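Survey of secondary and tertiary structure
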Amino acid sequence: MVLLRRVIGEALRRRRQDQHRTLREVSSAARVSLGYLSEVERGQKEASSELLASICDALGVRLADLLREVSGDLELAELAVGAPTPVGAAAVVVPARPAVVNRAA
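Here the structure is a predicted model, which means the values were calculated and not measured. (Residues numbered from 1 in each chain as written. Predicted model: local features only at pLDDT ≥ 70, side-chain atom pairs only at ≥ 80, totals over all residues. Heavy atoms only, no water.)

This part covers the overall build of the protein chain. Each helix and strand in the protein chain was counted, giving five helices and zero strands. Ordering the α and β elements of the protein chain from the N terminus gives α-α-α-α-α. When the 105 residues of the protein chain are sorted by exposure, 26% land in the buried category. Pairs at least 24 residues apart make up 68% of the contacts formed inside the protein chain by residues separated by at least 6 positions. Accessible surface, the protein chain as shown: approximately 7500 Å² in total, 54% of it carbon and sulfur. (Helix = DSSP H or I, 4+ residues; strand = E, 2+ residues; numbered from the N terminus. Buried < 20%, exposed > 50% of the residue type's maximum accessible area, 1.4 Å probe, protein only. Contact = heavy atoms within 4.5 Å. Areas by Shrake-Rupley, 256 points an atom, 1.4 Å probe, with all protein chains shown as cover.)

This is the structure:
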């Protein structure tokens, strides 16, 4: 089973490490304890929306962008573990583009 809190934690850690910042720096900027931020990054604690917004602000990342990243990561993780496809999801039909008719000929 894929846990959302783990995927969110991994995304936050990846963002922080990409910026070459320490847990201490980000926890201070986000006004959250270092231990709690560490637990969030390790997927051991479920962060509230307020806490996620504060961490994203500290990282200079829009919450919407983080959640888009998490959504993609979550989808890949579910596919990797063979999570069941929601009812109706496999029946998504993408309409074909209409044929272009060359009327000049």
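What follows covers the environment of L79. Here L79 is to be found in helix α5 (residues 63–81). Measuring from C-alpha to C-alpha, the distance between L79 and V2 comes to 9.9 Å, with 77 residues separating the pair along the chain.

All right, on to helix α3 (residues 34–41) then. For α3, the full list of buried residues reads L37, S38, V40 and E41. Projected onto a plane normal to the axis of α3, the buried residues spread over an arc of 160° and lie on a single side. The elements touched by buried residues of α3 are α1 (4–18), α2 (23–30) and α4 (49–59). Remark: G43 follows α3 within two positions and exhibits a positive phi of approximately 75°. (Arc of directions from axis to C-beta.)

In an α-helix, one turn spans 3.6 residues, which is why side chains three or four residues apart end up on the same side. With 19 residues, α5 extends 26 Å between its outermost C-alpha atoms, agreeing within 8% with the 27 Å of an ideal straight helix rising 1.5 Å per residue. Listed as buried for α5 are L66, E69 and V70. The arc that holds every buried residue of α5, seen down its axis, measures 100°, which confines them to one face. The outward face of α5, more than 90 degrees from its buried face, is lined by the exposed residues R68, E75 and L79. Phi turns positive one or two residues past the end of α5, at G82, with a value near 75°. (Expected span 1.5 Å × (residues − 1).)

The subject of this paragraph is the packing of α1 against α3. Two elements in contact, α1 and α3, have axes whose closest approach is 7 Å; the angle formed by their N-to-C orientations is 115°. Contacts between α1 and α3 involve R5, G9, E10, L12, R13 and R16 from the former and S38, V40 and E41 from the latter. Its residues assigned to classes, the contact of α1 with α3 shows two nonpolar, two polar and five charged. (Axes fitted to C-alpha atoms, helices over the stretch in contact; angles between N-to-C directions. Nonpolar A, V, L, I, M, F, W, Y, C, P; charged D, E, K, R; others polar.)

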